[in-house]
Amino acid sequence: MDIILMPLSLILPFLSIFLLLLHTSIQWRFGPARKPSTSGPDSYPVIGCLISFYKNRRRLLDWYTDMLSASATQTIAVYRFGARRTIVTANPHNVRYILKTNFTNYPKGRPFTEILGDFLGNGIFNVDGDLWYNQRKLVVHQFNAKSLREYVDDVLKREVEEKLVPVLESAAAEVQGKSVDLQDLLRRLAFDLVCRVSLGYDPCCLEYKSLGSPHPIVEAFDVASDMCARRGAAPLSAMWKVKRFLDIGSEKKLREAICTIHLFVNEIIRDRKRIAGDLSRASESEHDLLTKMVVDGETEEVIRDTIISFIMAGRDTTSAAMTWLFYLLSCHPRVENEVVRELRSLDDVSEYDSLKEHRLLKACICESMRLFPPVAWDSKHAIADDYLPDGTRVRAGDRVTYFPYGMGRMKRLWGEDRFEFKPERWVSEMEEGRIKSLKNFGPYKFPVFQAGPRACPGKEMAFVQMKYVVASIVKRFEFRPVSPDRPVFVPLLTAHMARGFMVRVSRRQ
């Protein structure tokens, strides 16, 4: 009897699963889909919306946008086999509630920090609570008005005038204009800039000798970012965890990339610690982020994780925003010419004080980020049961995502012309043919820099950098895409343009 029962005890669980999947298959084929109380894709027992998700896997951003546009509340609930229940919203009232009003109930959460933990460690973008608060206080110190002015005078001018402009001059001097990958140049520039600000070190990614091949440390950051994004997209977290345990495939690539990054940052930290005595006698205004942390006695691991997070935020976001802006300007020559006229009407576009006068340029940058935000979506995880302002029920453990990409395409937020690049939508007041002031749509309708307690402390520096770089080169050069095809927006940890942005460079007449 025991001999018969033992095989049955092993078979029954598999038989139960088979019958459950058979029921699911019949339900999907012949029965109506179950509609959750909140709008969302068609869902079925066990598998949820897995079928729809798979069908739309190559257009997830637009799929979510379409569903949010059709939702009365601009909020949807997504149930998918192998994933947490996810609330996705493009409703500004919900965004305010998540990021500010009930901020403490919506931290990053363990599911998020687990995905990025190997890469970002306990860096500011991957922690909550006291760890986050203490790092934020430290980072905010780097963004006061005095440091921004010094950043323009001491760092930006040199990097743009001595590195970026000569590369573009060389390309423009070629017959018919040499084609270059503008996205790659801007990413290299951003990496050099953020390393100088955070590490006091110039990796020289934009030097001529480095342009012929990928820069090892930049490539390591690219691989680590890509592999972590793959973790987040995996149907089951167990898939990447098994690969990490076995050290194979994408997880092996991630480990190798992280080792390269850690060696790079740790070596600079140790060199700086060897001269810590001299550094402590320097004035605080001379301290970059690394120097300040060394002088304050932070541990090597804390310094490393903070610096890596700082580099990730600084290198990818501004370069992505500028890449899409140059693409949009190339498609709208009238707007491009108006920007050039504005810049030429100013005495010196490269001076810090004149940057605030670049109002049309700032409107173009904001409009570009509305359509192509550097971070397409951002997720939190609910600690306790809750209700969003639109009535959507949130359960403890749910992933709650606000969706800047979709918000920029909501008719109820931006009107009938929401898909068009129209910088004039940001203009508030004109005076004698010039823009006097811009509209402030608020961080909950336009959350590209987050909002609430976790609002990006580097927002002003980002605008200063983008305005300076774009102004410095758009008045000198014209860029025309090599391919007539519309570029593809790829939303990894930070968004980028698939296969780069190849352009022909010519001097502006």
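Residues numbered from 1 in each chain as written. Predicted model: local features only at pLDDT ≥ 70, side-chain atom pairs only at ≥ 80, totals over all residues. Heavy atoms only, no water.

Engineer: Sorry if this is basic, but what is going on with the overall build of the chain here?
Structural biologist: A count of helices and strands for the chain gives 19 helices and 13 strands. Counting only residues that meet the buried cut, the chain has 51% of its 509 residues in that class. Residue pairs at least 24 apart in sequence account for 70% of intrachain contacts in the chain once pairs closer than 6 positions are excluded. Of the accessible surface of the chain, which amounts to about 24,200 Å², a share of 55% is contributed by carbon and sulfur atoms. (Helix = DSSP H or I, 4+ residues; strand = E, 2+ residues; numbered from the N terminus. Buried < 20%, exposed > 50% of the residue type's maximum accessible area, 1.4 Å probe, protein only. Contact = heavy atoms within 4.5 Å. Areas by Shrake-Rupley, 256 points an atom, 1.4 Å probe, with all protein chains shown as cover.)

Engineer: For this particular structure, what's the right way to read a nonpolar patch on the surface?
Structural biologist: On the surface, Val 46, Phe 81, Leu 236 and Met 239 cluster together into a nonpolar patch covering about 330 Å² of accessible area. Inspection of the secondary structure assignment puts Phe 81 in the loop between β1 (75-78) and β2 (86-89). (Patch = residues over 30% accessible without salt bridge, like charges linked within 9 Å, V, L, I, M, F, W, Y side chains within 5 Å. Salt bridge = Lys/Arg side-chain N within 4 Å of Asp/Glu carboxyl O.)

Engineer: Where do I start with helix α4 (residues 92-101) in this structure?
Structural biologist: An α-helical segment advances 3.6 residues per turn. Residues three or four places apart therefore align on the same side. Along α4, the residues that are buried comprise Pro 92, Asn 94, Val 95, Tyr 97, Ile 98 and Leu 99. With a side-chain oxygen positioned 2.9 Å from the backbone nitrogen of His 93, the residue opening α4 is Asn 91. (Polar contact = N/O pair within 3.5 Å; in protein donor to acceptor, adjacent residues only side chain to side chain.)

Engineer: It is not clear to me how the side chain of Arg 272 should be interpreted in this structure. Could you clarify?
Structural biologist: By the element assignment, Arg 272 lies in helix α11 (residues 249-274). Separated by 3.3 Å, the side chains of Arg 272 and Asp 288 make a polar contact.

Engineer: Sorry if this is basic, but what is going on with the pattern of salt bridges here?
Structural biologist: Pairs may arise between side chains of opposite charge once their charged atoms sit close together. Summed over the entire model, instances satisfying the criterion amount to 44 salt bridges. The salt bridge partner of Arg 425 is Glu 367, with a shortest N-O separation of 2.9 Å. Here Arg 425 is found in the loop between α18 (411-414) and β8 (427-431), whereas its partner Glu 367 is found in helix α16 (residues 359-371), with 58 residues between them in sequence.

Engineer: Whenever I open this one, helix α9 (residues 216-233) confuses me. Can you help?
Structural biologist: In a regular helix each residue adds 1.5 Å, so 18 residues correspond to 26 Å; α9 covers 26 Å between its end C-alpha atoms and thus fits that length. Those residues of α9 that are buried are in contact with α5 (110-120), α8 (182-199), α10 (237-246), α11 and α14 (300-331). (Expected span 1.5 Å × (residues − 1).)

Engineer: Would you mind showing me how to read the sheet that holds strand β3 (residues 179-181) here?
Structural biologist: Strand pairs in the sheet, formed through backbone hydrogen bonds, run parallel or antiparallel to each other. If you walk across this open sheet you meet the three strands as β3-β13-β10, and the pairing is antiparallel. Among the strands making up the open sheet, the edge pair consists of β3 and β10 (477-481). Neighbour to neighbour, the strand axes of the sheet diverge by 45 degrees on average, direction disregarded. Sheet topology note: the β10/strand β13 (residues 502-507) ladder contains five bridges and is antiparallel. Opposite Arg 480, over in β13, you have Arg 504 as the bridge partner. Across the sheet, α8 is in contact with β3, β10 and β13; its angle to β3 comes to roughly 50 degrees. (Pairing = 2+ DSSP bridges. Axes fitted to C-alpha atoms, helices over the stretch in contact; angles between N-to-C directions.)

Engineer: How do you make sense of the packing of aromatic side chains when you look at a structure like this?
Structural biologist: For any pair of aromatic rings, the description consists of the separation of the ring centres together with the inter-plane angle of the planes. As enumerated under the stated definition, the model contains 25 aromatic pairs in all. Plain terms: the ring middles of Tyr 201 and Phe 264 are 5.8 Å apart, the flat faces sit at 65 degrees to each other, and that makes the pair edge-to-face. Taken together, the positions of Tyr 201 in the loop between α8 and α9 and Phe 264 in helix α11 put the pair 63 residues apart, joining distant regions of the chain. A centroid spacing of 6.5 Å and a plane angle of 45 degrees characterise the contact between Phe 477 and Phe 479, whose relative ring orientation is tilted. Each of the two residues, Phe 477 as well as Phe 479, counts as buried. One aromatic cluster is present, formed by Phe 53, Trp 63, Tyr 64, Trp 324, Tyr 327, Phe 372, Trp 377, Phe 403, Tyr 405, Phe 489 and Phe 501 through successive ring pairs. We note Lys 108 situated over the ring of Phe 112; from NZ or CZ to the ring centre the distance is 4.4 Å. Stacked on the ring of Phe 372, the Lys or Arg Arg 409 has its end atom at 5.6 Å from the ring centre. (Phe/Tyr/Trp six-rings, centres within 6.5 Å; stacked < 30°, edge-to-face > 60°. Lys NZ or Arg CZ within 6 Å of the ring centre and 35° of its normal.)

Engineer: How should I be thinking about the pairing of β13 in this particular structure?
Structural biologist: Residues in a regular strand project their side chains so that they alternate between the two faces of the sheet. The pairing of β3 with β13 spans three bridges and is classified as antiparallel. Across the sheet, the residue bridging to Val 180 is Val 503, located in β13.

Engineer: It is not clear to me how the packing of α9 against α11 should be interpreted in this structure. Could you clarify?
Structural biologist: Running from N to C, α9 and α11 point in directions that differ by 140 degrees, and their axes come no closer than 8 Å. What the angle tells us is that α9 and α11 run oblique. In this structure, the crossing between α9 and α11 has a hand that is left-handed. Here Ile 217, Ala 220, Phe 221, Val 223, Ala 224, Met 227, Cys 228, Arg 230 and Arg 231 of α9 come into contact with α11, specifically with Ser 250, Glu 251, Lys 253, Leu 254, Ala 257, Thr 260, Ile 261 and Phe 264. (Parallel < 35°, antiparallel > 145°, perpendicular 65-115°, else oblique. Left-handed = near helix turned anticlockwise from the far one by under 90°.)

Engineer: Looking at this structure, how should I read the sheet that holds strand β7 (residues 399-402)?
Structural biologist: Spatially, four strands are ordered β1-β2-β7-β4 in an open sheet, and the strand pairing comes out mixed. Edge strands, defined here as strands with exactly one partner in the open sheet, are β1 and β4 (378-381). Direction aside, the axes of adjacent strands within the sheet are offset by 20 degrees on average. On the sheet, helix α3 (residues 60-70) packs against β1 and β2 and is oriented at approximately 125 degrees with respect to β1.

Engineer: Would you take a moment to explain the side chain of Arg 231 for this structure?
Structural biologist: Residue placement: Arg 231 occurs in helix α9. One polar contact links the side chain of Arg 231 to the main-chain carbonyl oxygen of Ile 115, over a distance of 2.8 Å. Dropping the residues within four chain positions of it, Arg 231 is found in contact with Glu 114, Ile 115, Asp 118, Trp 240, Arg 244, Glu 251 and Leu 254.

Engineer: How should I be thinking about the packing of α8 against α14 in this particular structure?
Structural biologist: The packing of two helices is summarised by the inter-axis angle and the distance between the axes. Where α8 meets α14, the axes come as close as 8 Å, and the angle between the chain directions of the two elements is 145 degrees. Viewed along their axes, α8 and α14 form a crossing whose handedness is right-handed. Here Leu 182, Gln 183, Leu 186, Arg 187, Ala 190, Phe 191, Val 194, Cys 195, Val 197, Ser 198 and Leu 199 of α8 lie close against α14, whose contacting residues are Ile 307, Phe 310, Ile 311, Gly 314, Arg 315, Asp 316, Thr 318, Ser 319, Met 322, Thr 323 and Phe 326. Taken together, the residues of the contact of α8 with α14 break down into 13 nonpolar, six polar and three charged. (Nonpolar A, V, L, I, M, F, W, Y, C, P; charged D, E, K, R; others polar.)

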